[in-house]
Structure formats: structure tokens, C-alpha cells
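What follows is each chain in one-letter form.
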Amino acid sequence: MTPPVPRSALADTVLGRLTATYPAAADPVRAREAAAYMKDAAPFLGIRTPERRALSRTVLDGTPPPTEADCTAVALRCWELPEREYHYFAADYLRRHVGRCSSEFIPVTRRLITTVSWWDTVDTLAAHVVGPLVVADPALVRVMDRWIEDDDLWVARTALLHQLRHKEATDEERLFRYCLRRSGHPDFFIRKAIGWSLREYAKTAPDAVRAFVDSARGRLAPLSVREALKNL
């Protein structure tokens, strides 16, 4: 089900400022270069990240902390705009304010993950929005168990990466189970995510990751193995 865009005076303010501020800093040459680098997943304004974040601070100056409804409105309205920098703004905004959102926000994250999908926004949402939501409400583990089975590769990638920043709090059994479940997936982005999730957890539990890779080497793609063992 597509989440509705709630009414939000804060979103009206933020979007009004944002759509006045970002285009003024657009650079057509950089925009073409950025779009080409991202395989034309979306058009760009051509604003470099440091400048974009400085502009974002100006946009948000003096605005109050958002409610969950405000977060939903800001994110969905940004995603309706074509240029990728607006999606980056929304992802950064959610990353900052995810603690104000409940488990009811998960359908919104799925909408964002499956709309104009590419690794640049999906990975931020997975590690810094979905991950914290699952930590705050362990009942969402059941949602992740469904997402790892999903036919949409970006939803499955999110399930693989949502524990990326959990360190000692990582559910090791679930991480390894998810990696095995999608180990035969043909897509680069799934195989890369398996390796990346294991490589990140290896910073916390190197012996466990090494033992898992050794036991599953016949099932894991070579790319996943290389990524998992890169720093071991």
C-alpha cells in the first residue's frame, strides 16, 4: 500500500525553501557528470555534497523538530521531485530524525527504497533509517524476514544491510542466515551486499565471519567471499 502524504506545515516550509535554494546552486556540467556516474538512475542538479549539505543547513535553519508525520511528508514530497539531490536531502533528514519515527514508518521506507531505486539512496536508508527502526522495535525483525525473500532486489539488499552499523548488537545468526538465503542471487548488488555486510561485521567478530565464510564458501559467490575477507 502506498503511504499517503500527510498534511504538514513544516514540510510546506522545508520544501518551499529547498526548491528555492537548491536550483540556484545548480551546475549543468556537474549534473551531467553525476547522472552518468549513477548510470542515469535520476537527473541531477549538479550540487557537490559539501555544498549541498551547507545549503541544507540553511534550509533547515530555525525549523522545529519534526513529528513522524512531518518526516513522512518531507520524504515523500522530496521523492516526488525528479532531481537526485532532493532525495539525498530527504535521506539525510530521515537519518537525523529517525528517532522520532515509530515502526509505523517502515512502509514509508519501503516506498522510498522501491522508487527511483539505486544504491546511493537505498544504502543510506538501509543502514541509517531501517536499521535503527528495527533496533527500536524488534518486532520489525519479522518484516526483515519478509524483505530478505522479496523479489525486489533493493528490498532484499536493505534486509542484508540493515544491521550494517549494529556492531556488537548484530544478530549474527540472522545475518548469516540472510547471506545464505540470497547467496545464489545473480545480481551484482545482492552479492556485493552479502560481502559488505560480512566485511563490516568482521570488524566486530572476525573469527565468526572467517568461520562462516569457510563453511559457506561453496554457496557464496566469489565476489561475496572477496568482499567478506577483504580486511581479514
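Structure shown above.
Before going into details, it helps to say that this report is about the structure given with it. (Residues numbered from 1 in each chain as written. Predicted model: local features only at pLDDT ≥ 70, side-chain atom pairs only at ≥ 80, totals over all residues. Heavy atoms only, no water.)

## Side note on the overall build of the protein chain
Here comes step 1: Helix and strand content of the protein chain: 13 helices and 0 strands.
Here comes step 2: Relative to its length of 232 residues, the protein chain is compact, with a C-alpha radius of gyration of 19 Å against a globular reference of 17 Å.
Here comes step 3: Dimensions of the protein chain, computed from C-alpha atoms along their principal axes, come out at roughly 55 × 40 × 30 Å.
Here comes step 4: Every one of the 232 residues in the protein chain was classed for burial, and the buried ones make up 51%.
Here comes step 5: Looking at the protein chain alone, contacts between residues at least 24 apart form 73% of all its contacts between residues at least 6 apart. (Helix = DSSP H or I, 4+ residues; strand = E, 2+ residues; numbered from the N terminus. Rg over C-alpha atoms; globule rule 2.2 N^0.38 Å. Buried < 20%, exposed > 50% of the residue type's maximum accessible area, 1.4 Å probe, protein only. Contact = heavy atoms within 4.5 Å.)

## Looking at helix H12 (residues 206-216)
Here comes step 1: Of all the positions in H12, only Val-209, Phe-212, Val-213 and Ala-216 are classed as buried. What you see down the axis of H12 is that its buried residues fit within an arc of 95°, all on one side. Set apart from the buried face of H12 by more than 90 degrees, the exposed residues are Asp-207 and Ser-215.
Here comes step 2: In this structure, the buried side of H12 is in contact with helix H10 (172-181), helix H11 (188-202) and helix H13 (222-228). (Arc of directions from axis to C-beta.)

## Some words on the side chain of Ser-197
Here comes step 1: Along the polypeptide, Ser-197 turns up in helix H11.
Here comes step 2: Polar side-chain contacts of Ser-197 include one of 2.9 Å to the backbone oxygen of Ile-194. (Polar contact = N/O pair within 3.5 Å; in protein donor to acceptor, adjacent residues only side chain to side chain.)

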